[in-house]
Amino acid sequence: MTGVPAAAAGGASGARRPAAGAASGKVPGSAVGRTAARSAEGGTSGTGHPAGGSGAVVGEGSDGAGVDAQGEDKGARGGKLTAAAVNQASVWNIANLLTMLRLVLVPAFVALMLADGGYDPAWRALAWAAFAIAMITDIFDGHLARTYNLVTDFGKIADPIADKAIMGAALICLSALGDLPWWVTGVILGRELGITLLRFVVIRYGVIPASRGGKLKTLTQGVAVGMYVLALTGWLATLRWWVMAAAVVLTVVTGLDYVKQAIVLRRQGIAERKAALGEKEA
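Residues numbered from 1 in each chain as written. Predicted model: local features only at pLDDT ≥ 70, side-chain atom pairs only at ≥ 80, totals over all residues. Heavy atoms only, no water.

1. Regarding the overall build of the protein chain
To be explicit about the condition: Only DSSP runs of H or I reaching four residues or more are called helices, and only runs of E reaching two or more are called strands; each is numbered from the N terminus. For the exposure calls, accessible area comes from a 1.4 Å probe over protein chains only, and a residue counts as buried if that area is under 20% of its type's maximum, exposed if over 50%, partly exposed in between. Only heavy atoms matter for contacts: two residues are in contact if any of them lie within 4.5 Å across the pair.
Assigned secondary structure in the protein chain consists of nine helices and zero strands. Reading the secondary structure of the protein chain in the N-to-C direction produces α-α-α-α-α-α-α-α-α. Per-residue burial over the protein chain gives 30% buried out of 282 residues. The long-range fraction of contacts in the protein chain, counting pairs at least 24 apart against all pairs at least 6 apart in sequence, stands at 69%.

2. As for helix α4 (residues 94–114)
Rules: Multiply 1.5 Å by the residue count of a helix minus one, and that product is the helix's expected span. Note that bend, as reported per residue, equals the angle between axes fitted to the 7 residues terminating at that residue and the 7 residues originating from it.
Across its 21 residues, α4 extends 30 Å between first and last C-alpha, which sits within 8% of the 30 Å expected from 1.5 Å per residue. Where α4 bends most, the angle comes to about 30°, and this point is L105, followed within four residues by the proline P107. Taken together, the buried positions of α4 are A95, N96, L98, T99, R102, L105, V106, F109, L112 and M113. Those residues of α4 hidden inside the fold are in contact with α5 (121–147), α6 (153–176) and α8 (212–229).

3. A word on α6
With 24 residues, α6 should reach 34 Å at 1.5 Å per residue; the first-to-last C-alpha distance of 35 Å fits that figure. Taken from the residues just after α6, G178 is the one with a positive phi, measuring 85°.

4. Some details on the nonpolar core
Inclusion rule: Within this scheme, the nonpolar core is defined by two criteria: the residues are buried Ala, Val, Leu, Ile, Met, Phe, Trp, Tyr or Cys, and they are joined through side-chain atoms within 4.5 Å.
Core analysis: the biggest nonpolar cluster contains 31 residues, and F109, M113, F131, V225 and M244 have the highest contact counts within it. Elements with a minimum of two residues in this core: α4, α5, α6, α7 (182–202), α8 and α9 (235–281). Ranked by the residues each element gives to this core, the list is headed by α6, at seven residues. Those residues within four positions of M113 in sequence are excluded, and the remaining contacts are G118, R124, A127, C173, L174, L177 and V229.

5. Section: the pattern of salt bridges
Convention followed: By convention in these notes, a salt bridge is any Lys or Arg side-chain nitrogen within 4 Å of a carboxyl oxygen on Asp or Glu.
Under the defined criterion, the tally for this structure stands at seven salt bridges. The salt bridge partner of R124 is D179, with a shortest N-O separation of 2.9 Å. With R124 in helix α5 and D179 in the loop between α6 and α7, this residue pair connects regions lying 55 residues apart in the sequence. Between K217 and E192 there is a salt bridge, and its shortest N-O distance comes to 2.9 Å. Here K217, found in helix α8, pairs with E192, found in helix α7; they are 25 residues apart in sequence, far enough to count as distant. Judged on exposure class, the residue K217 and its partner E192 are both buried. If you follow the salt bridges from partner to partner, you end up with R102, D138, D141, D159 and D163 in one network.

6. Topic: the confidence of the model for the protein chain
Predicted coordinates in regions of low pLDDT should not be interpreted in detail. What counts here: The predictor reports its confidence for every residue as pLDDT, a score running from 0 up to 100.
This prediction gives the protein chain a mean pLDDT of 76; 68% of its residues lie at or above 70. Ranking the helices and strands of the protein chain by mean pLDDT puts α4 first, with 94, and helix α1 (residues 17–24) last, with 38. In the predicted structure, residues 1–67 sits below a pLDDT of 50 and forms 31 contacts with residues beyond four places in sequence or in another chain. Note on residues 80–89: pLDDT under 50 across the span, and zero contacts to partners over four residues away in sequence or across chains.

7. Some points on the environment of V225
Note that V225 resides in helix α8. A relative accessible area of 0% places V225 in the buried class. Taking the C-alpha atoms as reference points, V225 and L180, separated by 45 residues in sequence, lie 9.4 Å from one another. Apart from the residues within four sequence positions on either side, V225 is in contact with F131, M167, A170, L171, L174 and M244.

8. Description of the packing of α6 against α8
Under the convention used in this document: Lines are fitted to the C-alpha atoms to define the axes, a helix being fitted only along its stretch in contact, and any angle between axes, read from their N-to-C directions, falls within 0 to 180 degrees. For classification purposes, angles smaller than 35 degrees are called roughly parallel, those larger than 145 roughly antiparallel, those between 65 and 115 roughly perpendicular, and all remaining angles oblique. Handedness of a helix crossing follows the sense of rotation of the near helix relative to the far helix, less than a right angle counterclockwise being left-handed and clockwise being right-handed. Note on residue classes: Ala, Val, Leu, Ile, Met, Phe, Trp, Tyr, Cys and Pro are nonpolar, Asp, Glu, Lys and Arg are charged, and everything else, Gly too, is polar.
At a closest axis distance of 10 Å, the pairing of α6 and α8 adopts a crossing angle of 40°. In this view, α6 runs oblique relative to α8, as classed from their interaxial angle. As for how α6 packs across α8, the hand of that crossing is left-handed. Residues M167, A170, L171 and L174 of α6 pack against Q221, G222, V225, Y228 and V229 of α8. Residue composition of the contact of α6 with α8, by class: seven nonpolar, two polar and no charged.

Written out as structure tokens, the structure reads:
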């Protein structure tokens, strides 16, 4: 234990060699000085990283990790900017364009429906065409948005507005012209507006998925209103009355079912929150 092994003369233990030699008396002072000088020169030569041992590995690894971290940070920022640009551009996708078309068709439908006093069969046929296009685009814009990942904040807001606007305009025009009782218009529009408000109330607890009854209600309403828009006579006029009656029944039944589901969802949400608070306090 009085000397220093030859294998320990270099590398990472070079800094410890003078101390060991001095303690044993085997290394002259000049040798200690030269050894320390060579170690210092080797540690600062080249690129500024330590020349030998684990010091070089740690230094280079740290610098590399820093560069990688900076690169990843820049890449993440670049990805976020790209995603933001894509989302901004996607507002003008095909699904949203169809929704915009449906909004534009609302005033066009009203103008055609009330043209020439509102009883001309030709104008009523054109109004029916506008209403049919609006209802068809309602089916396709939602399908395209879900299938091709074109869902945007604009679409989430504009789509239900367009749906309620075209249906509300048709019902109000029909009742104003005396073709449809006002109570029917009140029941359908009251249900739609009430359920829309209820969605905002329970959205904090979850989302109620669309049911088959709701989809059948929408289809029946569209068919019934479309038949009333046309100037039908005879047995077709009788048939449209029964279709509208079915639409009213489905409107009320599905509305009550939605209210029931909303109450259950709210109770479950409140119970889960109380349980979570109890666990935190415990």
